[in-house]
Amino acid sequence: MLTTHPFDDDKLREECGVFGVYNHGEAAAVAALGLHALQHRGQEAAGIVTFDGEHYHIQHAMGQVGDNFSSQSVIAKLRGHAGIGHVRYATSGDTVLRNVQPLFADFEFGGFALAHNGNLTNALMLRRQLVRRGCLFQSTTDTEVIVHLMATARSGSVIDRMVEALRQVEGAYSLIALAKDMVIGVRDPLGVRPLVLGRVGDSHVLCSETCALDIIGADFVRDVEPGEMIVLDSSGVHSLRPFLPQHRRFCIFEYIYFARPDSVMEGNSVYEARKRIGMELARESAVDADVVIPVPDSGVPAAIGYAAESGIPFELGIIRNHYVGRTFIEPTDQIRNLGVKLKHNANRHMIENKRVVLVDDSIVRGTTSIKIIEMVRRAGAREVHMRISSPPTSHACFYGVDTPKKEKLLAHKYSIDEMAKYIGADSLAFISIDGLYKAVNEPGRNNARPQYCDACFTGDYPIPLLDRDTPGETSEITYRAEARG
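Everything in this summary refers to the structure shown in the same document.

Criteria and cut-off values
- Residues numbered from 1 in each chain as written.
- Predicted model: local features only at pLDDT ≥ 70, side-chain atom pairs only at ≥ 80, totals over all residues.
- Heavy atoms only, no water.
- Helix = DSSP H or I, 4+ residues; strand = E, 2+ residues; numbered from the N terminus.
- Buried < 20%, exposed > 50% of the residue type's maximum accessible area, 1.4 Å probe, protein only.
- Contact = heavy atoms within 4.5 Å.
- Areas by Shrake-Rupley, 256 points an atom, 1.4 Å probe, with all protein chains shown as cover.
- Pairing = 2+ DSSP bridges.
- Axes fitted to C-alpha atoms, helices over the stretch in contact; angles between N-to-C directions.
- 1 Å grid on protein atoms, 1.4 Å probe; cavity = no way out; pocket = protein on both sides within 12 Å on 5 of 7 lines; lining within 4 Å.
- Points joined across faces, edges and corners; volume = space filled by probe spheres on them.
- Nonpolar A, V, L, I, M, F, W, Y, C, P; charged D, E, K, R; others polar.
- Salt bridge = Lys/Arg side-chain N within 4 Å of Asp/Glu carboxyl O.
- Core = buried A, V, L, I, M, F, W, Y, C linked by side-chain atoms within 4.5 Å.
- Parallel < 35°, antiparallel > 145°, perpendicular 65-115°, else oblique.
- Left-handed = near helix turned anticlockwise from the far one by under 90°.
- Polar contact = N/O pair within 3.5 Å; in protein donor to acceptor, adjacent residues only side chain to side chain.

Turning our attention to the overall build of the protein chain. On a plain count of helices and strands, the protein chain comes out with 18 helices and 27 strands. Each of the 485 residues in the protein chain was classed as buried or not, and the buried ones make up 59%. Expressed as a percentage of contacts within the protein chain between residues at least 6 apart in sequence, the contacts between residues at least 24 apart total 70%. In the structure as shown, the protein chain presents an accessible area of about 19100 Å², 49% of it carried by carbon and sulfur atoms.

Overall, antiparallel pairing links the six strands, which are arranged S7-S8-S9-S10-S14-S15 in an open sheet. Of all strands in the sheet, those bounded by a partner on one side alone are strand S7 (103-107) and strand S15 (236-240). Adjacent strand axes in the sheet meet at a mean angle of 20°, parallel and antiparallel pairs treated alike. Pairing analysis gives six bridges linking strand S9 (residues 171-179) to strand S10 (residues 182-187), with the strands arranged antiparallel. Note that in S10 the partner of Leu 178 across the bridge is Val 183. On the sheet, helix H5 (residues 143-151) packs against S7, strand S8 (110-120) and S9 and is oriented at approximately 10° with respect to S7.

Taken as a whole and judged by the stated rule, the model has three cavities of 30 Å³ or more. Space inside the second largest cavity adds up to approximately 80 Å³. Together, twelve residues line the second largest cavity, and Cys 251, Cys 397, Cys 453, Ala 455 and Cys 456 are the ones closest to its centre. Mapped by element, the contributors of at least two residues to the lining of the second largest cavity are helix H8 (253-258) and helix H17 (455-458). Grouping the constituent residues of the lining of the second largest cavity by class yields ten nonpolar, one polar and one charged.

Here the focus is the pattern of salt bridges. The final tally for this structure, using the stated rule, is 20 salt bridges. Between Arg 41 and Glu 254 there is a salt bridge whose closest N-O contact spans 2.9 Å. Placement of the pair is Arg 41 in the loop between helix H1 (27-37) and strand S4 (45-51) and Glu 254 in helix H8, with a sequence separation of 213 residues. For Arg 41, a relative accessible area of 0% puts it in the buried group. Of the residues examined, Glu 254 reaches a relative accessible area of 0% and is grouped as buried. In this structure, Arg 355 engages Asp 290 in a salt bridge whose closest nitrogen and oxygen atoms are separated by 3.0 Å. Here Arg 355, found in strand S23 (residues 355-360), pairs with Asp 290, found in the loop between helix H9 (270-284) and strand S19 (291-294); they are 65 residues apart in sequence, far enough to count as distant.

This part covers unusual backbone geometry. Cis rather than trans, the peptide bond between Gln 101 and Pro 102 has omega equal to 5°. Mapped onto the elements, Pro 102 comes out in the loop between strand S6 (82-88) and S7. Residues other than glycine seldom take positive phi values, yet Lys 180 does so here, at roughly 45°. Note on placement: Lys 180 falls in the loop between S9 and S10.

Turning our attention to the nonpolar core. Grouped together as the largest cluster of nonpolar side chains are 46 residues, with contacts concentrated most on Ile 252, Phe 253, Tyr 255, Val 292, Tyr 306 and Tyr 399. Put simply, the parts of the chain that give this core at least two residues each are strand S16 (250-251), H8, H9, helix H10 (300-310), S23, helix H16 (433-439), strand S27 (452-453) and H17. Beyond its immediate chain neighbours, meaning those up to four positions away, Val 292 contacts Ala 303, Tyr 306, Ala 307, Ser 310, Ile 312, Pro 313, Phe 314, Glu 315, Val 357 and Val 359. Counting 34 residues, the second-largest nonpolar core is a separate cluster that includes Leu 103, Ala 105, Leu 120 and Phe 243.

Further remarks concern the pairing of S19. Both faces of the sheet carry side chains from a regular strand, because those side chains alternate between them. A two-sided burial pattern is seen for S19, the buried positions comprising Val 291 and Ile 293 on one face and Val 292 and Pro 294 on the other. Relative to S23, S19 runs parallel, the two sharing four bridges. Bridge pairing in S23 links Pro 294 to Val 359.

The geometry of a pair of packed helices is captured by two quantities: the angle between their axes and the separation between those axes. Where H9 contacts H10, the two axes come as close as 6 Å, and the packing angle between them is 45°. Judged by the inter-axis angle, H9 sits oblique to H10. Regarding H9 and H10, the two cross each other, and that crossing is right-handed. Of H10, the residues touching H9 (which contributes Tyr 271, Arg 274, Lys 275, Gly 278, Met 279, Leu 281, Ala 282 and Arg 283) are Pro 301, Ala 302, Ile 304, Gly 305, Tyr 306, Glu 309 and Ser 310. Here the residues of the contact of H9 with H10 sort into eight nonpolar, three polar and four charged.

With that settled, the discussion passes to the side chain of Ser 139. Looking at where Ser 139 falls in the secondary structure, it is placed in the loop between helix H4 (123-132) and H5. Only 3.2 Å separates the side chain of Ser 139 from the side chain of Thr 141, close enough to count as a polar contact. Beyond its immediate sequence surroundings of up to four residues, Ser 139 is in contact with Arg 98, Asn 99, Arg 127 and Glu 144.

We now examine the sheet that holds strand S12 (residues 203-207). The strand order across the open sheet built from seven strands is S5-S4-S6-S3-S12-S11-S13, with neighbouring strands paired in antiparallel fashion. The strands lining the two open edges of the sheet, one partner per strand, are strand S5 (56-62) and strand S13 (219-223). Averaged over neighbouring strand pairs, the angle between their axes works out to 15° when direction is ignored. Bridge count between strand S11 (residues 196-200) and S13: four bridges; the pairing is antiparallel. By the bridge assignment for S13, Val 196 is matched with Asp 223.

Quick look at the structure:
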């Protein structure tokens, strides 16, 4: 049986990464490199669409970027000076080729390709209206709703149609589109999902994170502002503001886990933010211990910060095998249990007879924490104290992050003491919501006007969940929440 690795099913997962480049002689190769850097945002599928001045060229594939876009023959087929790309993560059963982005459509004005990071919260409602109008959907992604809204818009330019479509949707989105010899980037009015603008030579780039600029030698120009539309064409870079301004609510989980640590988001180094989170965690939840050990790799920066603040030595007490794919064969329960060690193994010399502080970024279902703590105890730890660099994840995300239903979240079902007992820790502590805000250079959470989207911790959803709140549609809403990409 082919199955997901047991360590991979207990993390919140960012579902998409987007990349676009204009005025580059090797647009496809640049896009492929950019998607390589964004691979952490989606590992199930990838796609690139390019434009050569007359024709569009499209390549979609299941699997990772390196497995599909590394050969010269593939890149040679994607001719053009402009291109956009997408990496995608989706739940099992929904990872099919028809859902791989960028989506492509032929309009009256010509071809149009669209890549989307985020989730629309009124997609089901709009989809039903469009189907009643005769629209035929080819995928189950909410992104296709935008394409059909553009197709049914009043006549106008591609920009006019795109603005009209986006004014009808609710949700979180960073979009990159390719049309009529232009690349377009749009960020939702609250700026929940990230999008940045860069430059390499005479070419301009739009992408999810600055690490994708680094890999191609591009300079960071600035973040695309919430509610801003950027148009890259032969005359340069154009900024439009087609939406009413709103209070920004950037996703705070980008700092905790989603983004690569070498990226800069909203002016903050992700790596430094994670170290500060660890330092706040040490101030809030000190414990007598002999060693601080990160759960690799996402727990490393926070563990460094925790060790620095607490004065407890930092050690790599768990070693990760970087050559394990996302899936492997598990023929029996016995082999399945042994398979845990394929990805992580305890470094006994750093653990035996010691009081250990384990630092991880989050607890979702708790399955990973149980296995990690069991592993550390078998390596001879006298005590195991778990410290988590996020507040308890007690609510599902509906803005483009793959999360279990609320009922399956450990923090929704149990108190912190009950969670500690469940995972087998001697003690368990999470950073407070105010401590998290302090670590990202805020004085604390402004409860009347929160500075970030933190709905997975607080249940404070800044964008209406119109589909979920529609009576009598629970089963379909569940499907949409699981099918988003």
